[in-house]
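Survey of secondary and tertiary structure
Chain by chain, the residues:
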Amino acid sequence: MSDQTQPPWLDLDHAHVWHPYASVTEPAPVFPVESAEGVRLRLADGRELIDGMASWWCAIHGYNHPTLNAAATEQLDRMSHVMFGGLTNEPATRLAERLVSITPTGLEHVFLADSGSVSIEVAIKMALQYWQGRGEHRPRLVSLRGGYHGDTLGAMSVCDPVNGMHRLFSGLIPEQLFAPRPECRRDEDFTDADIAPMRELLATHGDEIAAVIAEPLVQGAGGMHFYCGAYLRALRRLCDEHGVLLIFDEIATGFGRTGSLFASDAAGVTPDILSVGKALTGGYMTLAATLCTPDVARGISARGVLMHGPTFMGNPLACAVANASIDLLLAGPWQERVAGLGRALERGLAPARELANVRDVRVFGGIGVIEMHEPADMAWMQPRLVERGVWVRPFGRLLYVMPAYVMEDSDLDTLTRVMVETVAEAGER
Ligand SMILES: *Cc1c(COP(=O)(O)O)cnc(C)c1O
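Figured I'd write up the structure that's included with this text. Just so it is clear, the model here is predicted, and its values are computed rather than measured. (Residues numbered from 1 in each chain as written. Predicted model: local features only at pLDDT ≥ 70, side-chain atom pairs only at ≥ 80, totals over all residues. Heavy atoms only, no water.)

**Notes on the overall build of the protein chain**
Condition: The helix and strand labels rest on DSSP assignments: H or I over at least four residues marks a helix, E over at least two residues marks a strand, and numbering proceeds from the N terminus. The reference for a compact globule is 2.2 Å times residues^0.38; the radius of gyration itself is calculated from the C-alpha atoms. Summary of the burial criterion: residues with accessible area below 20% of their type's maximum are buried, those above 50% are exposed, and those between are partly exposed, where the area comes from a 1.4 Å probe applied to protein chains only. Here a residue-residue contact requires only that any non-hydrogen atoms of the pair lie within 4.5 Å. Note on areas: these come from Shrake-Rupley sampling with a 1.4 Å probe, and a residue is covered only by the protein chains present in the view.
In terms of helices and strands, the protein chain carries 14 helices and 16 strands. Radius of gyration (C-alpha) of the protein chain: 22 Å, near the 22 Å computed for a compact globule of 429 residues. Taking the principal axes of the C-alpha coordinates as reference, the protein chain spans close to 65 × 55 × 45 Å. Counting only residues that meet the buried cut, the protein chain has 53% of its 429 residues in that class. Taking all contacts inside the protein chain whose residues are at least 6 apart in sequence as the whole, residues at least 24 apart take part in 71%. Surface exposure of the protein chain reaches about 19000 Å², of which carbon and sulfur atoms provide 53%.

**Remarks on empty space enclosed by the protein**
This is how it is decided: Residues are said to line a cavity or pocket when one of their atoms sits within 4 Å of a point; the points come from a 1 Å grid over protein atoms alone, cavities being sets where a 1.4 Å probe fits but cannot get out and pockets being open sets with protein on both sides within 12 Å along at least five of seven lines. Grid points are joined across faces, edges and corners, and a volume is the space filled by probe spheres set on the points. Residues are sorted three ways: Asp, Glu, Lys and Arg are charged, Ala, Val, Leu, Ile, Met, Phe, Trp, Tyr, Cys and Pro are nonpolar, and all the rest, Gly among them, are polar.
Taken as a whole, this structure holds 1 cavity of 30 Å³ or more when the rule is applied. Taken as a whole, the largest cavity holds about 40 Å³ of empty space. Lining the largest cavity are Gln-6, Phe-31, Pro-32, Leu-43, Ala-44, Asp-45 and Arg-47. Per-class residue counts for the lining of the largest cavity are 4 nonpolar, 1 polar and 2 charged.

**What to know about the site of the ligand**
Short version of the rule: Whether a residue is near a molecule or strand depends on its heavy atoms: it is near if one of them lies within 4 Å of it. Between N or O atoms, a polar contact is any pair within 3.5 Å; within protein, one atom must be a potential hydrogen donor and the other a potential acceptor, and residues adjacent in sequence are included only when both atoms are from side chains.
Looking at the ligand, the residues that line it are Ser-115, Gly-116, Ser-117, Tyr-148, His-149, Gly-150, Glu-215, Asp-249, Ile-251, Ala-252 and Lys-278. Ser-117 places a polar side-chain atom, nitrogen or oxygen, 2.6 Å from an oxygen atom of the ligand. The separation between an oxygen atom of the ligand and a polar side-chain atom of Lys-278 is 2.6 Å. Within the complex, 82% of the 380 Å² of free accessible area of the ligand lies under protein. For the shell around the ligand, a count of residues per class yields 3 nonpolar, 5 polar and 3 charged.

**Re the packing of aromatic side chains**
Rule in force here: Two rings from Phe, Tyr or Trp (for Trp, the six-membered ring) form a pair when their centres sit within 6.5 Å of each other. Planes less than 30 degrees apart are called stacked, planes more than 60 degrees apart edge-to-face, and all others tilted.
Applying the stated rule across the entire model yields 5 aromatic pairs. Seen from their ring centres, Phe-31 and Trp-391 are 6.0 Å apart, and the 70 degrees between their planes marks the pair as edge-to-face. Here Phe-31 is found in the loop between α1 (10-16) and β1 (33-37), whereas its partner Trp-391 is found in strand β15 (residues 390-391), with 360 residues between them in sequence. On the accessibility criterion, Trp-391 (19% relative accessible area) is buried. Aromatic side chains Phe-226 and Phe-364 sit 5.5 Å apart centroid to centroid with 50 degrees between the ring planes, which places their arrangement in the tilted category. Residue Phe-226 is located in strand β9 (residues 225-226), and its partner Phe-364 is located in strand β13 (residues 358-364); the two are separated by 138 residues in the primary sequence. Overall, Phe-364 belongs to the partly exposed group, its relative accessible area being 25%.

**Some remarks on the pattern of salt bridges**
Test applied: For this document, the term salt bridge refers to a Lys or Arg side-chain nitrogen within 4 Å of an Asp or Glu carboxyl oxygen.
A complete count under the given rule lists 29 salt bridges for this structure. In this structure, Arg-236 and Asp-272 form a salt bridge, with 2.9 Å as the shortest nitrogen-oxygen distance. Taken together, the residues span a long stretch of sequence, with Arg-236 in helix α8 (residues 229-242) and Asp-272 in the loop between α9 (263-267) and β11 (273-276) at a distance of 36 residues. Exposure class is identical for Arg-236 and Asp-272. Each is buried. Residues Glu-346 and Arg-353 are paired through a salt bridge, measuring 3.0 Å at the closest nitrogen-oxygen approach. In this structure Arg-353 comes out as partly exposed when scored by relative accessible area, which is 40%. One network of salt bridges, in which partners are shared, links Arg-185, Arg-359, Asp-360, Arg-362, Glu-371 and Arg-397.

**A look at helix α7 (residues 192-205)**
Where we set the bar: Under the convention used throughout, the expected extent of a helix is 1.5 Å for every residue step, that is, one less than its residue count.
For α7, which comprises 14 residues, the first-to-last C-alpha distance of 20 Å matches the rise-based estimate of 20 Å (1.5 Å per residue) to within 8%. Turning to α7, its buried residues are Asp-194, Ile-195, Met-198, Leu-201 and Leu-202. In this fold, the buried residues of α7 make contact with β5 (140-144), β6 (177-179), β7 (209-214) and α8.

**Concerning the pairing of strand β12 (residues 288-292)**
Applicable threshold: Two strands make a pair as long as DSSP finds a minimum of two bridges between them.
Extensive coverage of β12 is indicated by the burial of 5 of its 5 residues. Burial along β12 is two-sided: Ala-288, Thr-290 and Cys-292 and Ala-289 and Leu-291, pointing in opposite directions, are all buried. Across 5 bridges, the pairing between strand β4 (residues 109-113) and β12 is antiparallel. From the neighbouring strand, Ala-113 faces β12, where its bridge partner is Ala-288. As paired strands, β11 and β12 are joined by 4 bridges and run antiparallel to one another. Paired with Ile-273 across the strands is Cys-292, a residue of β12.

**Some thoughts on the nonpolar core**
Operational definition: As used here, the term nonpolar core means buried Ala, Val, Leu, Ile, Met, Phe, Trp, Tyr and Cys residues forming a set that is joined through side-chain atoms within 4.5 Å. Just so you know, the domain bounds were taken from an automatic or database domain assignment.
Ranked by internal contacts, the top residues of the largest apolar core, which has 99 residues, are Met-198, Tyr-231 and Phe-255. Among the elements that take part in this core, α8 stands out by supplying 7 residues, more than any other. The residue makeup of this core includes at least three contributed by each of domain 1 (3-64 + 333-428) and domain 2 (69-331). Counting residues in each nonpolar core, the second largest holds 26 residues, with Ile-120, Ala-123, Val-158 and Ile-247 among its members.

**Brief notes about the layout of surface pockets**
For the second largest pocket, the calculated volume is near 280 Å³. Lining the second largest pocket are 16 residues, with His-109, Val-110, Phe-111, Met-126 and Leu-306 positioned closest to its centre. Secondary-structure elements contributing two or more residues to the lining of the second largest pocket are α4 (90-102), β4 and α10 (294-301). Class assignment of the residues belonging to the lining of the second largest pocket gives a composition of 11 nonpolar, 4 polar and 1 charged.

**Focus on the sheet that holds β5**
To keep it simple, the criterion reads: A fitted line through C-alpha atoms represents every axis, and for helices the fit uses only the stretch in contact; the resulting angles, taken between N-to-C directions, go from 0 to 180 degrees.
With respect to topology, 7 strands assemble into an open sheet ordered β4-β12-β11-β10-β7-β5-β6, the strand pairing being mixed. The open sheet has two edge strands, β4 and β6, and neither has a second partner. In this sheet, neighbouring strand axes are inclined to one another by 20 degrees on average, regardless of whether the strands run parallel or antiparallel. Strand direction decides the pairing type here: β7 and strand β10 (residues 245-249), joined by 4 bridges, are parallel. Looking at β10, one finds that Ile-213 is bridged to Ile-247. Along the sheet, α10 makes contact with β4, β10, β11 and β12, crossing β12 at roughly 90 degrees.

Listed below in structure tokens is the structure:
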């Protein structure tokens, strides 16, 4: 490539680097980022983009935040990492205590994992080992259609079996059971029809089921689907009736994104096992955690040890930044900010409801979604959005944003206006 405005290393990226869900023989274009500040990404050619993605839900405080930078550099001067087997460190211990205190009451034991997918593997292992500890053979999980729980093999097994990757790996991943996704958007819309298929599954297979897993209130990467808390309360009751564990995956919804600190809080449901990740370090480093109740922890320990231990478990650097990020969140008016995001997204995206190529516009907490009738033409839409100065990554029929909580109204107005204009333009092509 001879484009003078592109950095020389971009050719090396094309030659050697895998990107998410990508081909190396037909690589999709990628935009080189030089730096990021607040809610803006600065491209190598000098252009600045308003970032609507917060780097896949993570960067809730914006980029290059002085408080998080200070926490990282301070910890860096002490130690960046030491192993967690046989050793421990203060940032990891403090983080575990913080997570116990801010998540629903009853979750008391914390496994620090190195990514969301790994925290789901750990959640699944916890459930399986719990039943082994009790001497019961319960090898299966139940999940919701439309769910997304990560890309490792165990996590994939509980992702939506159609739009997940089951077909590619059939025979290699465990076969789980699936209930339809709930369609009740608000508690008032909840009817027995929403929960009846789950009740039937548990009635038929209850004694072989270790746990039910769900993303509470918001199914993220499986389709940005919002559903009501009444379903989760009914699900909790069903799980209790059948003695089945309940796992919540709050990797996307945790740390305020839906307007509550955790979606579990809004639903008024405490799961037996909870995974958090993504915004945990404010987007600085990869870190996730799996929490469980004393009952689950004791059940596992009855027959031995929890069989997991990543090399970078309890990484002090990531934990120090996570502590700073949680403190920063709780010290600020995050509820007002997320509510403000919601109002601005609702106002800004509303005009898309009039477009013929739009099927639905929905906003929940700090999440805004335009759902089109047809999948976006990525090759056209992605560069078009960038030309207009925003970073939003279309996904199938969806154009969605979950901006940093600190985004100003003027930037939100630009972001949503560009989204609506670009979808309108797509409809005319
Ligand atoms: C992103 C995500 C995961 C996977 O986390 P990674 O850190 O990408 O492994 C799992 N569950 C949900 C709900 C997610 O949004």
